[in-house]
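# Analysis of the macromolecular model
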Amino acid sequence: MTAPLILAVPSKGRLQENAAAFFARAGLVFTQSRGARDYRGTLAGVPDVEVAFLSASEIVSQLASGTVHLGITGEDLVREQIADADSTVELLTPLGFGNANVVVAVPQAWIDVRTMADLDEVAADLRARHGRKMRVATKYVNLTRRFFANHGIADYLIVESLGATEGAPGAGSAELIVDITTTGTTLAANALKILDDGVMLRSEANLVASLKAPWTDRARAAATAVLTRIAAEEEARTSREVRASLHPNQVSGLSALMQNLGASLPYGLPQGREVVVHCKAGTVFEVVAGLQALDAQDISVSTFDYLFRSTNALSEKLLRCLARA
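To start, this report covers the structure provided alongside it. As a convention, each chain's residues are numbered from 1 in the sequence order in which they are written. Selection of residues for local features in this predicted model requires a pLDDT of at least 70, selection of side-chain atom pairs for listing and counting requires 80 or more, and totals for whole chains, interfaces and linings are taken over all residues. Calculated side-chain values reflect all of the structure's heavy atoms, with hydrogen atoms and water omitted.

The helix and strand inventory of the protein stands at 12 helices and 15 strands. Its C-alpha radius of gyration of 25 Å places the protein more than 25% over the 20 Å reference for a compact globule of 325 residues. Referenced to the eigenvectors of the C-alpha coordinate spread, the extents of the protein come out at roughly 85 × 50 × 35 Å. Across the 325 residues of the protein, 47% fall into the buried class. Across the protein, contacts joining residues at least 24 apart in sequence account for 72% of those joining residues at least 6 apart. For the accessible areas, the method is Shrake-Rupley and the probe is 1.4 Å, while residue cover comes only from the protein chains on display. Approximately 16,200 Å² of the protein is accessible, and the part contributed by carbon and sulfur atoms is 50%. In summary, the charge assignment counts Lys and Arg as positive and Asp and Glu as negative, without counting His or the chain termini. A single reference atom marks each charge: NZ on Lys, CZ on Arg, CG on Asp, CD on Glu. Measuring between centres, the 31 positive side-chain charges of the protein sit 4 Å from its 35 negative side-chain charges. Starting at the N terminus, helices and strands are each numbered in turn, a helix being any DSSP run of H or I of at least four residues and a strand any DSSP run of E of at least two. Two things to know: the radius of gyration comes from C-alpha atoms, and the globule rule equals 2.2 Å times the number of residues to the power 0.38. Burial classes: relative accessible area under 20% of the type maximum marks a residue as buried, over 50% as exposed, and values in between as partly exposed (1.4 Å probe, protein chains only). Contact definition: two residues touch when any of their heavy atoms are within 4.5 Å.

So, in structure tokens, the structure goes:
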């Protein structure tokens, strides 16, 4: 019952670079004692955390089995590889990289095929004319089956793709595809178009928690330490501090202003002239305008390196999920 927290991160490529940068912004630095080829590491200065460097697909498998506690991987892989994902893992927070959509794409020449409902007619026509099922090339077998079933489409055959899926219609091995795309450029280059309602999943890299892992007190404490830092960086990145000089006669208008803009007075109502406001970055100019309307002077806006709150949403979310598991 004293096992450490095991954090799985991508072992190579852009995903690893982005994951390392994400953690570094929170003051969490990966260390590999034997260099880049070492598939085990630690977080510098954070005890009780073991880092496992794995492929994105392996991370999902080990999250599902409970071999690792936390992992960074794409939501598309989670939804594809884990049938009962919502009861097996918890997506704690999106990370802002690895963005891609899982889509249904058909040949551009199919000018009358725009929606999933139109595929029923395609399937019926293929059955009547050629005596075979409509073929769908994909690596996302489970996602495809669930999505097609939700649209009432059953008369099709999945062709599992091992190579460049977008080339299947052109090669004649499938009529349409389900694949992942970021800009759509590769699909267009292969004369394919995304159906109007054919976006199956808008995916990005997530910090994922396993609900099957052995969450010892030691692992929970380590996870709380990691998540507290991540939350403090995110809070700092999305927040601003506004300082101003305000005449005491105008203080009574502050509470209504704060409530209307979702801002806060971290030190309470000012006792003197200086007022300090914390607000979201997106509302900072509205806060400034509100203070100006109260005749505030010498208004300044600053950013934070880290902003630690008494509680944080990430740790609370994890603990709630573990209590339900």
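With that settled, the discussion passes to unusual backbone geometry. Positive phi outside glycine occurs at A191, with the angle close to 55°. In this structure, A191 sits in the loop between helix 8 (185-189) and strand 11 (192-203). A relative accessible area of 37% means that A191 is categorised as partly exposed.

We now examine the packing of helix 9 (residues 217-237) against helix 12 (residues 313-324). For any two helices packed against each other, one specifies the crossing angle of their axes together with the interaxial distance. As a packed pair, helix 9 and helix 12 sit with axes 8 Å apart at the nearest point and diverge in direction by 145°. Contact residues: R220, A223, T224, L227, T228, I230 and A231 in helix 9; L314, S315, L318, L319 and L322 in helix 12. Each residue receives one of three labels: charged for Asp, Glu, Lys and Arg, nonpolar for Ala, Val, Leu, Ile, Met, Phe, Trp, Tyr, Cys and Pro, and polar for the others, Gly being one of them. Across the contact of helix 9 with helix 12, the residue classes break down as 8 nonpolar, 3 polar and 1 charged. Every angle, taken between N-to-C directions, lies between 0 and 180 degrees, and every axis is a line fitted to C-alpha atoms, over only the stretch in contact when it is a helix.

What follows deals with the sheet that holds strand 5 (residues 70-74). Read across the sheet, 7 strands follow the order 2-3-4-1-5-12-6 without closing on themselves; strand pairing throughout is mixed. The two strands at the open ends of the sheet, each matched to only one other strand, are strand 2 (30-31) and strand 6 (89-94). For two strands to count as paired, DSSP must find a minimum of two bridges between them. Across 5 bridges, strand 5 lies against strand 12 (residues 205-210) in antiparallel orientation. When the sheet's bridge partners are listed, G74 is paired in strand 12 with A205. Sitting on the sheet, helix 1 (residues 13-25) is in contact with strand 1 (5-10), strand 2, strand 4 (46-54), strand 5 and strand 12, with an inclination near 130° to strand 1.

Each Phe, Tyr or Trp ring, with Trp reduced to its six-membered ring, pairs with another whose centre is within 6.5 Å; inter-plane angles below 30 degrees give stacked pairs, above 60 give edge-to-face pairs, and intermediate values give tilted ones. This model, assessed by the stated rule, comprises 5 aromatic pairs. Between F148 and Y156 the ring centres are 4.8 Å apart and the planes differ by 50°, which places this aromatic pair in the tilted class. Take Y156: its relative accessible area is 13%, and that puts it in the buried class. The interplanar angle of 35° and the centroid separation of 6.3 Å between the aromatic rings of Y306 and F308 together place this pair among those described as tilted. Assessed through its relative accessible area of 52%, F308 is described here as exposed. Among the aromatic side chains, those forming a connected cluster through ring pairs are F22, F23, F30 and F53.

Strand order in this open sheet of 3 strands is 14-13-15, and the pairing throughout is antiparallel. At either margin of the open sheet sits one strand with a lone partner, and together these are strand 14 (274-280) and strand 15 (297-302). Here the strands of the sheet are splayed against their neighbours by 20° on average, with no regard to which way each runs. Note that strand 13 (residues 239-245) and strand 15 share 4 bridges and pair antiparallel. Residue pairing across strands places R243 opposite S300, the latter belonging to strand 15.

On their own, these measurements won't tell you what the molecule is for.
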